[in-house]
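Analysis of the macromolecular model
One-letter residues, chain by chain:
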Amino acid sequence: MKVSTGWVLQLLLGSCSVMLVPATFTPKDLLSEPRRSVAAPNPDGTKALFTTTQYSFETHSRNKTFSFLDPKNGKVSVALDDASASEIFWIGDSIAFLKGSEDTPGGTDLWIINGDSKYKAAMFPGSVSGFQSRQHEDGSVKFVVTASAYSNGTMYNSATAPKKYTSGRVYTSLFVRHWDTYIEEWRNNLFSGSLSLKDGAWSLSATRFVNVMACAGLESPIPPFGGTDNYDTNPKFDIVAFVAKDPELNAAINTASYVYIASLKGGEAPKPINKPSSNHKPAGASTSPTWSPDGKKLAFLQMPENGYESDRNQIFIYEDGKITSLVPDWDRSPAKVSWSSDGAYLYLLAEEYGRVKLWVLPSDPKKIEGHPKVILGNEGSINDYAVLGNSAKLLVSSTSVVSPTYYSVLNAMTGDVKIIFDPKAQSTTGSATLKRSQVDDFWVTRKDGVKIHSWIIKPTFFQEGKKYPLAAWVDSWSTRWNPAVFAERGYIVITPNPTGSTGYGEKFTDAIQNDWGGAPYNDLVKVYEYALKKFKFIDEDRTVALGASYGGFMINWIQGNPLGKKFKALVCHDGCFSTMNQYSSEELWFPMRDFGGSMITHPQNYARWNPANLIKNWSTPELIIHNELDYRLPISEGLAPFNVLQEKGIPSKFLTFPDENHWVLNPENSLLWHSEVIGWINHWVGIDDKSFKETRDIALQKESRDLVDRAQVHARAVKHELVDTRRTDM
C-alpha cells in the first residue's frame, strides 16, 4: 500500500474564535491556474516544448497552448497555435503534433512544421498517442505510437467499428473492469513507422504501420496509468523495448510485468528479457526501460515480488543477454531511470522524506561507490527531467506545496542549478501569493525509536497568538488535494506520513501490511497529540480530519475509535467502509497482499481492521464523497456509511459525481467538491468565511446549455445527485 502518494489525510484545526478569512488563494484560483506539462528539449538541447492548459469558469471551457522554452534564459514563445492538437513533440529539430484526422473519421493526422511550412506527413487509421522517435545515423526517424488494437493486431477505430445492438458484456476471466472502465476486446498496442527527409519535407518510408506486438497476447502501455515510460525505441537499431504484463497470469491477482524487446519491422514475437530464472530472481512489476546512447545497453526498474505494487523498485542493466543488478541494498524506490549523454551515469527519480529527488549513479558497476547521490531535491518535488543535448545539463520540471510547475537547468557535474521559469514571477495573484516560508516539517519519535515525518503549512496571514488548522501531503503541487487552499481558508495544515508511506525505507512501507488500523492509526494519534502540545496556535477544541482512498478508510476507522471523538467533523472521500467488501474491487492484489492472503483462506485478516465492526461507536459529523466511476472502491463503500450515519441521526452529507472516478478531475465538479468540503469543515469549526461565498455560488450555479447536453448521458444518475448537491460537502 503506497500511503504518501496514494492517499491523503488532513488534520485541520480551527482558530480560537470566529474568524473572518481574507480573500487570498481560493479553490477557484487553484482550478483556474495554468497547468504546465514537463518540458521536452530538442535533440541538441537548444529549445524545449511544453503544453499549458487553463480552465475558464466564465466560458466553461479549457484553453490549450503549446510553447517554446529557451533553456538558456527561460524565455517563452508560441510554438503552435492550434488548440485541436492532442500532443506536440520533436522530430529532429522540427516540431510535430497529432490531431484528429480531417479526412478519416476516428483517425489521427501527423503534422510537421518546418519554419513557415506546415504539412500533414501521415495519417493513422485510428486514435494514437504517445509518439516517441529516434533519428538514426542514416537520417531516418524511427517512431512508435500507442493505439488500441484487436487481438488480430489491427488498429481499433471507434468511428468505424461495427455497431453493437446490445449493451451486454460477458466475461470468463479477470479483469471485468479496471479503474473506471469496463474491459473491451481491444488492448493497448505499439505501432511503428519510419520517416525520411526528402526535399526538405518528412514523409512516411512505408505505406503501413507495423504492430510490433501483433498476436502476442501482450498489452503496452499497461493500463490504467502506463504511458511513454513503458517503452523506448533504440537510438541505433530497429528495435523497441517495452513492458507488458505476463499474459499467462491472472491480471487481477498478479503484478508481474516484464521487459520485452521487439523488432520495429514486425514479423517476430517480442522476447522477454527478465522473466524469473536461475540468473534473475525478481518476479514483480517492471518499468522505465531506457536504452543507452550507444544502443547496446538497456536500463530498467523491477520489483522483486509479484503481487506487491508497493515493493521497492531495483535498478538493472541488460547487456549481451546478461542482467546486472546495481545497488540492490539501496533503500529507496526509484520511479524513473535514464542515461547521461555519454552513458557513464544513470539518473534516477526517487522519493525521500516527503520529496521526490533527483539522484545520480555510475552505470559501470565497477565504478559504483556506495549508493546513488542526491543532486537536486532539497525543496519541492521533481516531476521529470531530460538531458540537454550532449551536455551534462538537465532540464528539470518541478513543483512544491506553494508552486505549480517551474523549470530549472541543473549541471549534474557541478551541482549548479538555476530556475529559468518561475510561474510565481509571472503573476501577482493566485499561487503567486503563496510563500515558501509557509511550509515547514517536523518529526515525532515513537517508543520503538521510529520517527514519523509530517509537513505543516500555515496561512499567508498567519499571526502569532491566533490559532489555525492542519493537513497532510507530500511536498508537491496538487489540484485535487492542495494544502495551500485549506491553509488560505484559515487553517493550519499538518500532513502526516504514517506507517506505510513511501520514501522512508522499505521496512517502513511494508509495515502497513496486515496492520491497516494498527501502526498507522497509532502514528496519527502520536502526531495529533504532539502537534497540540508543540504548536500553541492550534485550537484543540476545533479540529477536523479529512482523508481519501486509504485515507478515507482511516477516516472511517478513526470514526469508530477514540481519536474520532476529538474532531468536530470528518470528511471521507472514496474510502473503504468494509474491508470484507474488498473483493468488489478490481486489482485484487491490493487486499491479498495487505491482508496477508486471499479472503477465501484468510477471512479473519480482512475482518480485523473492518471499520464497519465499530459503527456502534460512530458519533462525529461526517461528509462522504463517493463517485460512481470509482471501480477501485465501488460506490456502495460510500452509500453504506452514509446510511449508517443517517440511521444513527449523526449530522452527515453525501456528495457523488456520476462522471468521476477515484478522483474528481472536471474543474466544475472540483469547484463544487471544494465548495462542499470547505463549507462543511468551516461550519463545524465556526469559521465565518464570507469571501468563500463567491466560490460556493459559482460551484452551484445553473449549468450552461452545453454542460446540460453533455450530462444527459448520465441523466438518471445526475437527477439523483442534484438532490443533495446544495446540501453536501467535499
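Residues numbered from 1 in each chain as written. Predicted model: local features only at pLDDT ≥ 70, side-chain atom pairs only at ≥ 80, totals over all residues. Heavy atoms only, no water.

The next point concerns the pattern of salt bridges. Following the criterion strictly, the structure yields 22 salt bridges and no others. With a closest N to O distance of 2.0 Å, E305 and R593 form a salt bridge. Taken together, the positions of E305 in the loop between strand 23 (297-302) and strand 24 (314-319) and R593 in helix 7 (residues 589-594) put the pair 288 residues apart, joining distant regions of the chain. For E305, a relative accessible area of 32% corresponds to the partly exposed category. Among the residues examined, R593 registers a relative accessible area of 21% and is labelled partly exposed. Two residues, D448 and R446, come together in a salt bridge whose shortest N-O distance is 2.8 Å. Salt bridges sharing common partners tie together D82, K99 and E102. (Salt bridge = Lys/Arg side-chain N within 4 Å of Asp/Glu carboxyl O. Helix = DSSP H or I, 4+ residues; strand = E, 2+ residues; numbered from the N terminus. Buried < 20%, exposed > 50% of the residue type's maximum accessible area, 1.4 Å probe, protein only.)

This part is about the sheet that holds strand 21 (residues 271-272). Within the open sheet, the 4 strands sit side by side as 18-19-20-21. Their pairing is antiparallel. Edge positions in the sheet fall to strand 18 (231-233) and strand 21, since each has one partner strand and no second. As paired strands, strand 20 (residues 257-263) and strand 21 are joined by 2 bridges and run antiparallel to one another. Considered in strand 21, the bridge of Y260 is made with P272. (Pairing = 2+ DSSP bridges.)

Within strand 37 (residues 543-548), 6 of the 6 residues are buried, which leaves it mostly tucked inside the rest of the structure. Going residue by residue along strand 37, you find T543, A545 and G547 tucked away on one face and V544, L546 and A548 tucked away on the opposite face as well. Examined bridge by bridge, strand 37 and strand 38 (residues 569-573) share 5 bridges and lie parallel to one another. Bridging from a neighbouring strand, V544 pairs with A569 of strand 38. Read from strand 37 through helix 6 (residues 550-559) to strand 38, the crossover connection turns out right-handed. (Right-handed = clockwise from strand over helix to strand, strands pointing away.)

All right, on to the packing of aromatic side chains then. Across all of its chains, the model carries 45 aromatic pairs by this definition. Ring geometry for F124 against F209: centres 4.4 Å apart, planes inclined by 25 degrees, an arrangement best described as stacked. Placement of F124 in strand 10 (residues 117-124) and of F209 in the loop between strand 16 (201-204) and strand 17 (210-211) is noted, with a sequence separation of 85 residues between them. With a relative accessible area of 15%, F209 lands in the buried category. Each residue in the set W516, Y550, F553, W557, Y583, F595, Y606 and W609 is aromatic and connected to the rest through ring pairs, giving one cluster. (Phe/Tyr/Trp six-rings, centres within 6.5 Å; stacked < 30°, edge-to-face > 60°.)

The predicted model of the protein chain has a mean per-residue pLDDT of 91, with 90% of residues at 70 or higher. In this model residues 471-475 is a low-confidence stretch, pLDDT under 50, and it forms 38 contacts with partners more than four residues away in sequence or in other chains. Across residues 701-730, where pLDDT falls below 50, the model places 54 contacts with residues more than four positions away in sequence or in other chains. (pLDDT = per-residue confidence, 0-100. Contact = heavy atoms within 4.5 Å.)

This paragraph deals with the sheet that holds strand 32 (residues 403-411). Spatial ordering of the open sheet is given by 30-31-32-33, a layout of 4 strands whose pairing is antiparallel. Each edge of the open sheet carries a strand with a single partner, namely strand 30 (381-387) and strand 33 (417-421). In this sheet, neighbouring strand axes are inclined to one another by 30 degrees on average, regardless of whether the strands run parallel or antiparallel. Note that strand 32 and strand 33 share 4 bridges and pair antiparallel. Bridging across to strand 33, V409 finds its partner in K418. (Axes fitted to C-alpha atoms, helices over the stretch in contact; angles between N-to-C directions.)

Turning our attention to the pairing of strand 35 (residues 451-457). Among the 7 residues that make up strand 35, 6 are buried, leaving the element largely enclosed by the rest of the structure. As paired strands, strand 34 (residues 439-445) and strand 35 are joined by 7 bridges and run antiparallel to one another. For V444, the partnering residue across the bridge sits in strand 35 and is I452. When strand 35 meets strand 36 (residues 492-497), the two strands line up antiparallel, connected through 5 bridges. Note that in strand 36 the partner of I457 across the bridge is V493.

In this structure the tally under the stated criterion is 0 disulfides. Summary of cysteine pairing: C576 is not part of a disulfide, and the nearest cysteine sulfur, belonging to C572, is at 8.9 Å. On the basis of relative accessibility, which here comes to 2%, the residue C576 falls in the buried class. (Disulfide = S-S within 2.5 Å.)

That bond from L174 to F175 is cis: its omega, 5 degrees, falls within 30 degrees of zero. For F175, the location among the structural elements is in the loop between strand 12 (141-149) and strand 13 (177-178). The residue after S220, namely P221, is reached through a cis peptide bond having omega 0 degrees. Phi at W179 takes a positive value of approximately 60 degrees, unusual for a residue other than glycine. Among the secondary structure elements, W179 is positioned in the loop between strand 13 and strand 14 (181-182). Phi is positive for S549, which is not a glycine, with a value near 65 degrees. Note on placement: S549 falls in the loop between strand 37 and helix 6. Judged by relative accessible area, S549 falls into the buried class, the value being 16%.

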